Amino acid sequence: MTPHTASAHGLLTPAGPRRSRWLDLPTHRASVKIARDVVREQLFAWRQAGDLCTDAVLLISELATNAVLHARGGRMLCGVELLTDAQLRVEVHDENSGEQHGELGLPARRFPASHAENGRGLLLVQQIADAWGVTRSTRTTGNAVWAALHTGV
């Protein structure tokens, strides 16, 4: 499957195509790199600071990786949006029905062993984001996991 960019119209907010960028991607490991690259390119086009770009790329990478590893379903929506000049938000919407982890299918907090190779993604999100959370997606059959950053403006 080839990923494609979805138009901003009608996805989450009426921010307009110059204020948001969305991708409809298969839940495959290769999609995580695509999401990172597109977010990086979009933030560069919006002339956002390097530190903000680095943090946003890491956040989208962690959220997309969680969807690839844990969501049931073949697709995910990944997006970046300038909510205001002072706040940026990244989101990943999955197709998880939520039946395994309660009503919202909340991401499970893990406490990995020091030698474990994974399991620290949400800890990174919590440390880097100014705010983050999960809600039921209005665009897919699953959840929307989001993280917000202040732009420094």
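Position labels on residues start from 1 in each chain and follow its written sequence. This being a predicted model, a pLDDT of at least 70 is required before a residue's local features are given, and a value of 80 or more before pairs of side-chain atoms are given or counted; all residues contribute to the totals for chains, interfaces and linings. Only hydrogens and water are set aside; all other atoms, that is, all heavy atoms of the structure, feed into the side-chain values.

A. Spotlight on the overall build of the chain. Strands here mean DSSP runs of E at least two residues long; helices mean DSSP runs of H or I at least four residues long; both are numbered from the N terminus. From N to C terminus, the chain includes three helices and six strands. Reading the secondary structure of the chain in the N-to-C direction produces β-β-α-α-β-β-α-β-β. With 153 residues in all, the chain has 43% of them scored as buried. Methods summary: accessible areas were calculated by the Shrake-Rupley approach with a probe of 1.4 Å, and residue burial reflects only the protein chains presented. In the form shown here, the chain has an accessible surface area of approximately 8500 Å², with 53% of it arising from carbon and sulfur atoms. A 1.4 Å probe rolled over the protein chains alone gives each residue an accessible area, and that area as a share of the maximum for its type sets the label: buried under 20%, exposed over 50%, partly exposed in between.

B. Inspection of unusual backbone geometry at higher detail. For Arg-47, which is not a glycine, the phi torsion comes out positive at approximately 60°. Within the secondary structure layout, Arg-47 lies in the loop between α1 (29-45) and α2 (50-70). The exposed category is assigned to Arg-47, whose relative accessible area is 77%.

C. The packing of α1 against α2, seen in detail. Direction vectors running N to C along α1 and α2 enclose 155°, while the axes themselves pass 9 Å from each other. Taken together, the axes of α1 and α2 are roughly antiparallel relative to one another. Handedness of the α1/α2 crossing: right-handed. Of the residues in α2, those touching α1 at Arg-29, Val-32, Ala-35, Arg-36, Val-39, Arg-40 and Leu-43 are Cys-53, Ala-56, Val-57, Ile-60, Ser-61, Ala-64, Thr-65, Val-68 and Leu-69. Looking at side-chain class alone, the contact of α1 with α2 contains 11 nonpolar, two polar and three charged residues. All axes are obtained by fitting lines to C-alpha atoms, using only the stretch in contact for helices, and the reported angles, taken between N-to-C directions, cover 0 to 180 degrees. Just so you know how the angles are binned, under 35 degrees is roughly parallel, over 145 roughly antiparallel, 65 to 115 roughly perpendicular, and the rest oblique. Rotating anticlockwise by less than a right angle from the far helix to the near helix defines a left-handed crossing, while the corresponding clockwise rotation defines a right-handed one. In this analysis, two residues are considered to be in contact whenever any of their non-hydrogen atoms come within 4.5 Å of each other. The nonpolar class holds Ala, Val, Leu, Ile, Met, Phe, Trp, Tyr, Cys and Pro. Asp, Glu, Lys and Arg form the charged class, and all remaining residues, Gly among them, are polar.

D. The arrangement of α2 in detail. Counted at 1.5 Å a residue, the expected span for α2 with its 21 residues is 30 Å, and the 30 Å between its end C-alpha atoms agrees. Of the residues making up α2, those classed as buried are Leu-52, Cys-53, Ala-56, Val-57, Leu-59, Ile-60, Ser-61, Glu-62, Leu-63, Ala-64, Ala-67 and Val-68. One less than the number of residues in a helix, times 1.5 Å, gives the span that helix is expected to have.

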